[in-house]
Amino acid sequence: MSNDTMNVSLDAALQEAQENFADGNPKSKAAHAMATQFMPGGNTRTSLFHPPFPLTVVRGEGPHLWDADGHKYTDFLGEFTAGIYGHSHPIIRVAIDKALDGGINFGGHGLIEAEFAATLCDRFPSIDLLRFTNSGTEANMMAISTALAVNKRRKVMVFNGGYHGGVFTFHHGHNAINAPFDFIVARYNDVRATQQLIKDNASALGVVILEPMQGGGGCIPATREFLAMLREMTKEHGITLIFDEVMTSRLSPGGLQGEHGITPDLTTLGKYIGGGMSFGAFGGAASIMSHLDPRQPQSLPHAGTFNNNALTMAAGLTAMTQIYTRDEVSRLNELGEETRKTLNAIATKYDASMTFSGRGSMMNVHMTTGEIRSVEDVARGNMRLRDLFFFDMLKRGIYMARRGMINLSLVHEQRHIDALLSAVEDFAVTRRPLVSTKAG
Ligand SMILES: *Cc1c(COP(=O)(O)O)cnc(C)c1O
């Protein structure tokens, strides 16, 4: 098919791209078909599924991934921000090997956990004390539960488009399998309406939790004005403010809170901080966290078999002290700012209806123009065009999230960034009739 035929309609183009994808990936297709016999939809992680079937990844090394059919990709998903070190980083590998040599499941305190905790408390000044969990979801579960137990209230304010884990998903308001907290869903970046909602619920509201930039929602930064209002209102009404920095803590040396100079009561962490192992943590003001001190008679219990698991403690400590140092945080995020600026310049050059939102090393493409301030703005984007972009990027060797997320990692060199830029430019050129704001 010529470009002209292929671009007659978006539906036809997308169908053709999916057919080409299916034809080019028979081994992934077979692996998925086999998996469907034992897992619902062949899947154990909904965010990885996309029709007609997802790729099966068989190997990763540095900035690259290989699928079951032998295609090589430059990895711009970076495991939804957890994979910031690239694949099989040699220094992390040494740390894990060393931990394995000493045995892994002690059922006892280890030497590394306190050092790792000290490193994180030092890095994020709002964290006086912290506890480890196995995932970001668990960190948020514990942070919310602890806050409510301490301030003896029951309502939890979250934001439309927010994501705090599988049971805290607010992409379209409520979600049927969310944890049974008494949630109030407010509108992200809407200063006045949120202020009013907090006032109206002040006596029952125990927690306000948000990502200072919504990650899963589409890399939507909160305005400083919005964060400052939340800080002021929660302080005034005795509400615990939780920043979910599971993703965003990578965006500046002290997390995104440090960049804004706004201090939450509690912070949750996850993803990259465990050096690639399963990880989560929650921490913050000693006045709240000390309720978990088992030396106290009425302390709140927080258990978890793998909370101090030897592999995560070793990998995480090494990664945070030897690899993702403050200098590297700055370097990576400057590279991200530069890259996103160039991507938006490409969109402008071709009058493409595309916007790359985000901050630093995290970005997300939206098939629309104008500012992205909330998931309501994200919804203006053309989702089928975004799907077409996804398949076109795969075809050009760029691995990213179907929903448009792109993350830089520490092992990306200029040539890898250039590969991303030229793939996007190629898309803007070859799909011009479908993407241009001036077409049809
Ligand atoms: C990924 C994520 C979580 C959940 O972390 P898991 O380790 O996947 O449970 C929570 N909050 C945010 C902002 C996330 O991006």
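The structure presented is a predicted model; accordingly, all values stated were derived computationally and were not measured.

(A) Focus on the layout of surface pockets. Of the voids in this model, the second largest pocket is the one considered here, and its volume is about 710 Å³. Lining the second largest pocket are 23 residues, and of these His109, Glu113, Leu130, Arg131 and Phe132 lie nearest its centre. When residues of the lining of the second largest pocket are traced back to their parent elements, those giving at least two are helix H5 (112-123) and strand S4 (129-133). A per-element tally of the lining of the second largest pocket places H5 first, with five residues. Residues belonging to the lining of the second largest pocket are distributed by class as follows: 10 nonpolar, eight polar and five charged.

(B) Representation of the pattern of salt bridges in the model. Under the criterion given, the structure shown has 19 salt bridges. Arg59 is the partner of Glu61 in a salt bridge, and the nearest nitrogen-oxygen pair spans 2.7 Å. Under the relative-accessibility criterion, Arg59 is labelled partly exposed at 40%. By sharing partners, the salt bridges in this structure join Asp392, Arg396, Asp426 and Arg431 into a single network.

(C) Looking closely at the nonpolar core. If you look at the biggest cluster of nonpolar residues, it comprises 83 residues, and the most contacted ones within it are Tyr85, Leu120, Met354 and Phe389. If one sorts the elements of this core by residue count, helix H11 (residues 310-323) sits on top with eight residues. With sequence-adjacent residues up to four places away left out, Leu120 is seen in contact with Leu130, Phe132, Leu269, Ile273, Phe279 and Met320. Counting residues in hydrophobic clusters, the runner-up holds 24 residues, among them Val191, Ile220, Phe243 and Ile372.

(D) Structural context of helix H8 (residues 224-236). Given a rise of 1.5 Å per residue, 13 residues ought to cover 18 Å, and the 18 Å separating the end C-alpha atoms of H8 matches this to within 8%. Inspection of H8 places Phe226, Leu227, Met229, Leu230, Arg231, Met233 and Thr234 among the buried residues, and these make up the whole buried set. Summarising the contacts, the buried residues of H8 are in contact with strand S5 (155-159), helix H7 (191-200), strand S7 (205-210), strand S10 (240-244) and helix H9 (255-260). A positive backbone phi angle near 65 degrees is found at Gly238, which sits one or two residues after H8.

(E) Highlighting the environment of Gly78. Its place among the elements puts Gly78 in the loop between strand S3 (72-75) and helix H4 (90-101). Residues Gly78 and Leu410, 332 residues apart in the sequence, show an inter-C-alpha distance of 9.9 Å.

(F) Spotlight on the packing of helix H14 (residues 383-395) against helix H15 (residues 414-430). Across the interface, H14 lies against H15 with an axial gap of 10 Å and an inter-helix angle of 130 degrees. One finds that H14 runs oblique with respect to H15. Of the two elements, H14 crosses H15, and the hand of that crossing is right-handed. Together, Leu385, Leu388, Phe389, Asp392 and Met393 of H14 and Ala423, Val424 and Phe427 of H15 make up the contact between the two elements.

(G) A look at the pairing of S7. The buried count for S7 comes to six of six residues, which makes it a mostly enclosed element. Note that S5 and S7 share three bridges and pair parallel. Across the sheet, the residue bridging to Lys155 is Leu205, located in S7. Bridge count between S7 and S10: four bridges; the pairing is parallel. Counted as the bridge partner of Leu210 is Phe243 from S10.

(H) A look at unusual backbone geometry. Pro51 connects to Pro52 through a cis peptide bond whose omega is 0 degrees. The backbone of Phe80 sits at a positive phi, close to 50 degrees, despite the residue not being glycine. Looking at where Phe80 falls in the secondary structure, it is placed in the loop between S3 and H4. Backbone geometry at Ser88 places phi at a positive 55 degrees, although glycine is not the residue there. Along the chain, Ser88 turns up in the loop between S3 and H4. Classification of Ser88 as partly exposed rests on a relative accessible area of 49%.

(I) Here's a closer look at a nonpolar patch on the surface. There is a patch of nonpolar side chains on the surface, built from Met34, Phe38 and Met39 and spanning about 330 Å² of accessible area. Tracing the backbone through its elements, the reader meets Met34 in helix H3 (residues 26-35). Judged by relative accessible area, which is 47%, Met34 ranks as partly exposed.

What counts, and at which threshold
Residues numbered from 1 in each chain as written. Predicted model: local features only at pLDDT ≥ 70, side-chain atom pairs only at ≥ 80, totals over all residues. Heavy atoms only, no water. 1 Å grid on protein atoms, 1.4 Å probe; cavity = no way out; pocket = protein on both sides within 12 Å on 5 of 7 lines; lining within 4 Å. Points joined across faces, edges and corners; volume = space filled by probe spheres on them. Helix = DSSP H or I, 4+ residues; strand = E, 2+ residues; numbered from the N terminus. Nonpolar A, V, L, I, M, F, W, Y, C, P; charged D, E, K, R; others polar. Salt bridge = Lys/Arg side-chain N within 4 Å of Asp/Glu carboxyl O. Buried < 20%, exposed > 50% of the residue type's maximum accessible area, 1.4 Å probe, protein only. Core = buried A, V, L, I, M, F, W, Y, C linked by side-chain atoms within 4.5 Å. Contact = heavy atoms within 4.5 Å. Expected span 1.5 Å × (residues − 1). Axes fitted to C-alpha atoms, helices over the stretch in contact; angles between N-to-C directions. Parallel < 35°, antiparallel > 145°, perpendicular 65-115°, else oblique. Left-handed = near helix turned anticlockwise from the far one by under 90°. Pairing = 2+ DSSP bridges. Patch = residues over 30% accessible without salt bridge, like charges linked within 9 Å, V, L, I, M, F, W, Y side chains within 5 Å. Areas by Shrake-Rupley, 256 points an atom, 1.4 Å probe, with all protein chains shown as cover.

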